[in-house]
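# Structural characterization, general
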Amino acid sequence: MADNSQVTRQQLYDRIKASTKEAVILEEMKRLGFWKKENGIPSMPEILIAQEAALVKELNQLLEQQRKFKNKEEALKEIRKARLEKSKQKREENKKLRKQKREEKAARWKERKEKDILYLGEDVSKGLNHKESDPAKLATYQLPVFHAAEALAQAMGITVGELRFLSFNRTVSKINHYKRFYIPKKTGGKRLISTPMPRLKKAQHWILENILNKVTIDDKAHGFVLKRSIVTNALPHVQAEVVINIDLKDFFPSIRYARVKGLYKSLGYSEHLATILGLISTESECDEIELDGQTYFAAGADRFLPQGAPTSPAITNIICRKLDARLRGIASKLNFNYTRYADDLTFSASGEAVNSTRTLIGFVKRIIKEENLTIHPDKLRVLRKGARKEVTGIVVNDKPAVNAKELDRFRALLFQIEKDGTLEGKHWKNSPNLLASIKGYASFVAMVDPVKGKPLQERTEKILAIHGFKHIIKHKPKPPASAPSSATQTSSAEQHNKKKPWWKFW
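Our subject in this report is the structure included herewith. What you see is a predicted model; the values in this text were computed from it and never measured. (Residues numbered from 1 in each chain as written. Predicted model: local features only at pLDDT ≥ 70, side-chain atom pairs only at ≥ 80, totals over all residues. Heavy atoms only, no water.)

### So, the overall build of the protein
Let me state the cut-off plainly: Helix and strand assignments come from DSSP, with helices taken as H or I runs of at least 4 residues and strands as E runs of at least 2, each series counted from the N terminus. Only heavy atoms matter for contacts: two residues are in contact if any of them lie within 4.5 Å across the pair.
Helices and strands together make up the secondary structure of the protein, namely 19 helices and 11 strands. Within the protein, contacts between residues separated by at least 24 positions form 67% of all contacts whose residues are at least 6 apart in sequence.

This is the structure:
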């Protein structure tokens, strides 16, 4: 039966192009049943047509090859174009892959920075990879257990980023975490006070309350200790025949960052946390530089304890535990009493022990040197019989008392203020704030000698009420519209804090 399926014109054209017209006609005739084979053997015309089609196909292939060989430049261009296209596509794929990897790396780094501190500046970042604290040692001091920055920041109520900001050791910066000013010393010279900015101060208070205050210190230390004062520091030396006063030179600045970091490590904290806590507790000496209308702060090489940070006194008390133990030991051996109030060391004795004064001083000098501290050369005083003996400003000859001549001058001042009804021409210890200074001195007398101090406090309170002391304190005058220069501000701060004991700045 004939095949009735239709063949399109395009299909016929394609077949003719690939073969010959006669070969296609023959095939169609066979398909449609118009060409019959005799005994299955092809006829001569059929053979000739097939041979012609094969020759034509071979000829077309040869012509195509010839065409390509004749146009080698075009062929090479096509090859190069294909290669370039493939290379370009590969580069785009690699570019996208690298971008993806960078984005993934940045995301991982961002996530890690939010949970960890990896770098805190030059020369201080070496131990940040060591994050294993000693829970057993921390437990002996009843301290909170942390291993890394994220847990510490969470306990302090701040982010890891804020913790990094507060502890970063900057060589040059546009910001500074401290306000600095000088106050005069009683014996001349100036003392640098560094007051931390609010955020740093808050972090330091957390460290003080949750770590430092939990560490037991020597019972001979009386400065900045709960239920101890200059009075408790003076009591052991009352009625002694000889009193030895020794002041340490540059006490806070002599305690360097490495020593503070070592303190936190000795409590059981990892080197990672000890680095962070040590940096928050110390500062560098800074030079303020003006450049192109911008203020920069250039830090010195060494970090040390700032006088003004709430953590500094407690740190010195803990660091001085060994010093106190050694001095207490030698004092006890030679029958001397020993107390320490910050950087003021006091020894006293009576009877035959007085003969060992020179021996004691020799041992004390050696111990202080071995503890990497320095005695102020002008502040080693040996007070014997007949001399007025003072310990941290309190007279201890017979009983704890205030300097009688100074007390008489104070009473005379109060009398003059009461009599004249004015503050004009009156002053007390060169303080620019007369009302604040007389209030403070009256409180001091009451602390040392309540019998003498109470009447003075009552008289002082009346004077303060008359002259509106509370109003002055609550409503400080606003600064003028044109802000004073930094030099003027420093001078004003110095005057305002003149004669104020340095330990009152906490």
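### Here's the deal with the side chain of Thr 282
Examined against the element boundaries, Thr 282 turns out to sit in the loop between helix 11 (271–281) and strand 5 (283–291). If we skip the residues at most four places from it in the chain, Thr 282 touches Tyr 178, Tyr 257, Val 260, Arg 303, Phe 304, Leu 305 and Pro 306.

### Considerations on helix 17 (residues 450–466)
Test applied: To estimate the expected span of a helix, count its residues, drop one, and scale the result by 1.5 Å.
Along its 17 residues, helix 17 runs 24 Å from first to last C-alpha, staying within 8% of the 24 Å computed at 1.5 Å per residue. Just past helix 17, the residue Gly 468 takes up positive phi, approximately 65°.

### Here we look at the pattern of salt bridges
Counted only if it meets this: In the sections that follow, a salt bridge refers to a side-chain nitrogen of Lys or Arg positioned within 4 Å of a carboxyl oxygen of Asp or Glu. In this scheme, a residue with accessible area under 20% of its type's maximum is buried, one over 50% is exposed, and one in between is partly exposed, where area comes from a 1.4 Å probe on protein chains only.
One pass over the structure, following the stated rule, counts 17 salt bridges. In this structure, the salt-bridge partner of Asp 116 is Lys 131, at a minimum N-O distance of 2.2 Å. Taken as a pair, Asp 116 in the loop between helix 4 (72–115) and helix 5 (135–140) and Lys 131 in the loop between helix 4 and helix 5 lie far apart in primary sequence, 15 residues in all. Taking the relative accessible area as the measure of exposure, Asp 116 reaches 8% and is therefore buried. You can call Lys 131 partly exposed: its relative accessible area is 23%. Here Arg 180 makes a salt bridge to Glu 283, at a shortest N to O gap of 2.4 Å. With Arg 180 in strand 2 (residues 178–184) and Glu 283 in strand 5, the pair connects residues that are 103 residues apart, well separated along the chain. What makes Arg 180 partly exposed here is its relative accessible area of 25%. Overall, Glu 283 belongs to the buried group, its relative accessible area being 3%.

Shape is all these values report; function is a separate question.
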